[in-house]
Amino acid sequence: MSSTSLLPHLDLAPGSPPLLHATSHGDALRWAAAHRDPLRDLVRDHGCVLVRGLGLADPETSEAVFRRLTDGLMPDREPFAPRRRYADGVYSSTKWPPNQQMCMHHEVSYGLEFPGLLLFACLEAPGAGGATALADASAVLRALPRELVSRFEREGWLLTRAYHEEIGASVEEAFGTDDRDAVERYCRRHAIEFAWQRDGSLHTRQRRGAVLRHPRSGLPCWFNQIAFLNEWTMEPEVHEYLVDLYGADGLPFNTRFGDGSPIDADVVRTINEVYDAHTVRESWQDGDLLLVDNIRTAHSREPFEGPREVLAALGDPVLRADGEVSGA
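Just so it is clear, the model here is predicted, and its values are computed rather than measured.

Peer 1: A description of the overall build of the protein chain should follow, citing residues and the corresponding values.
Peer 2: The secondary structure content of the protein chain amounts to nine helices and 20 strands. For the protein chain, the C-alpha radius of gyration of 19 Å lies close to 20 Å, the compact-globule estimate for 328 residues. Structurally, the protein chain occupies a C-alpha span of about 60 × 40 × 35 Å along its principal axes. At a minimum sequence separation of 6, the contacts of the protein chain that also span at least 24 residues come to 80%. Of the roughly 14,300 Å² that the protein chain leaves accessible, carbon and sulfur atoms contribute 48%. Distance between charge centres in the protein chain, computed from 34 positive and 50 negative side chains, equals 5 Å.

Peer 1: Residues and numbers for the packing of aromatic side chains, please.
Peer 2: Aromatic ring pairs: the centre-centre distance and the angle between the two ring planes describe each pair. Counted under the stated rule, the structure contains seven aromatic pairs. Each ring, one from F114 and one from F223, has its centre 4.7 Å from the other, and the planes form 50°; the classification is tilted. Taken as a pair, F114 in strand β7 (residues 113–124) and F223 in the loop between β14 (220–222) and α8 (236–246) lie far apart in primary sequence, 109 residues in all. Classification of F114 as buried rests on a relative accessible area of 0%. Joined through ring pairs, the aromatic side chains of F80, F228 and F253 make up one cluster. Directly above the aromatic system of F257 lies the positively charged group of R151, at a separation of 3.7 Å from the ring centroid.

Peer 1: Now, about the sheet that holds strand β18 (residues 297–301): what can you tell me, with residues and values included?
Peer 2: The antiparallel open sheet is built from four strands, whose spatial order is β6-β18-β9-β16. Each of the sheet's edge strands pairs with one partner strand only, and the pair in question is β6 (102–105) and β16 (279–280). Sheet topology note: the strand β9 (residues 134–136)/β16 ladder contains two bridges and is antiparallel. From the neighbouring strand, A135 faces β16, where its bridge partner is T279.

Peer 1: Hey, could you go over the environment of P115 for me, with residue numbers and the actual values?
Peer 2: If you trace the backbone, P115 turns up in strand β7. Each C-alpha atom of the pair P115 and V318 lies 5.9 Å from the other, and the pair is 203 residues apart in sequence. With near-sequence residues (within four places) excluded, P115 lies in contact with M74, E107, V108, N294, L314, G315, D316 and P317.

Peer 1: Which residues make up the nonpolar core, and what values do they have?
Peer 2: Burial of nonpolar side chains together is a common tendency in soluble globular proteins. Ranked by internal contacts, the top residues of the largest apolar core, which has 59 residues, are F152, W222 and I271. No other element matches helix α9 (residues 265–277), which puts five residues into this core. Discounting residues that sit within four places of it in the chain, W222 has contacts with H106, A137, V140, L141, L144, V149, F152, A210, V211, I271 and Y275. By size, the runner-up hydrophobic cluster in this structure holds 27 residues, among which are V43, L54, L73 and L291.

Peer 1: Please give an account of the environment of N254 that cites residues and values.
Peer 2: Topologically, N254 is positioned in strand β15 (residues 253–257). Sequence separation between N254 and L12 is 242 residues; the distance between their C-alpha atoms is 37 Å. Apart from the residues lying within four places of it in its own chain, the contact partners of N254 are L158, L159, T160, L229, N230 and E231.

Peer 1: For helix α3 (residues 59–69), give the residues involved together with the corresponding values.
Peer 2: Given 3.6 residues per helical turn, the α-helix brings residues three or four places apart onto the same face. Of all the positions in α3, only S62, V65, F66 and L69 are classed as buried. All buried residues of α3 project into a common sector of 100° when viewed along the axis, lining one side. Looking at the buried positions of α3, the neighbouring elements they touch are α1 (28–34), α2 (36–46), β5 (90–92), β7, β17 (289–293) and β20 (309–319). Capping of α3 at its N-terminal end is provided by D58; its side-chain oxygen lies 3.1 Å from the backbone amide nitrogen of E60.

Peer 1: I'd like a description of the sheet that holds β5, backed by residues and values.
Peer 2: The mixed open sheet is built from eight strands, whose spatial order is β1-β2-β3-β17-β7-β20-β5-β4. Two strands in the sheet have a free side with no partner beyond their single neighbour: β1 (10–11) and β4 (85–87). Bridge count between β5 and β20: three bridges; the pairing is antiparallel. When the sheet's bridge partners are listed, V90 is paired in β20 with A313. Across the sheet, α2 is in contact with β1, β2 (19–21), β3 (48–52), β7, β17 and β20; its angle to β3 comes to roughly 135°.

Parameters at a glance
- Residues numbered from 1 in each chain as written.
- Predicted model: local features only at pLDDT ≥ 70, side-chain atom pairs only at ≥ 80, totals over all residues.
- Heavy atoms only, no water.
- Helix = DSSP H or I, 4+ residues; strand = E, 2+ residues; numbered from the N terminus.
- Rg over C-alpha atoms; globule rule 2.2 N^0.38 Å.
- Contact = heavy atoms within 4.5 Å.
- Areas by Shrake-Rupley, 256 points an atom, 1.4 Å probe, with all protein chains shown as cover.
- Lys, Arg positive; Asp, Glu negative; His and termini not counted.
- Charge placed at Lys NZ, Arg CZ, Asp CG, Glu CD.
- Phe/Tyr/Trp six-rings, centres within 6.5 Å; stacked < 30°, edge-to-face > 60°.
- Buried < 20%, exposed > 50% of the residue type's maximum accessible area, 1.4 Å probe, protein only.
- Lys NZ or Arg CZ within 6 Å of the ring centre and 35° of its normal.
- Pairing = 2+ DSSP bridges.
- Core = buried A, V, L, I, M, F, W, Y, C linked by side-chain atoms within 4.5 Å.
- Arc of directions from axis to C-beta.
- Polar contact = N/O pair within 3.5 Å; in protein donor to acceptor, adjacent residues only side chain to side chain.
- Axes fitted to C-alpha atoms, helices over the stretch in contact; angles between N-to-C directions.

This is the structure we're talking about:
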């Protein structure tokens, strides 16, 4: 079965992601198995696809559908905020204040290995807001100021992290252990500089490329979390509180140019404005399934009201070395 068989059921509306209307007759797993290849073809062609009509209602069915559609799930490595784990490779959405925007980013774009495919299942849609918005990373790259892109291509970007028990992911949540020797081995294997502080907290630094060529298409994409994990994306009162509490060098996360120079607020604003200009969105409905090419398409989470339960899975692991442009 080819993707053309699904085209009559595919809506391509401006401002929205590709929306596929599915008829599963109450058997989402069987539908997913029958349409695996054409669905993946649609993701390849469009960067994402939202499937409506599967009626996903519980973690067990969602996990089974996720596994049927991927070549393999991977654990969430080095998370910056806690998640609830439903099963191996299946998690809640990142715990982020519901009244705050979670800005555009690519999942685990600071890792040497990251998911090539993201899968989301909406078990309970919020009463208002909460869309998982999307942006074409190749279009974003073309729209960013050339001099800014050139600098990041030369230098890459630097992620700094300070692990505290009180906020963000703890050492154990990020590395799966609080054993110092095991954490240090992980950091060495994954090109992460580390330093234990006098108070027992851990500070890390890792430099990565900001632009990645898609391993299949060769398309260059803006692939990073430079704006999302930068201090100037925080709410001003949150930023002030954290600096007062931990100091400027002790923020839970921050980003810099690859040479270590600070990134000012104007750069962050420019990146986010380009993302905004290329954002598409569709409100969640109960039972929806969203597939996202994690390299070609950035995603965000918009503020919401009321309960919201969206499961996430990280599929089809990709090695950074397979698409690195420069700056690593």
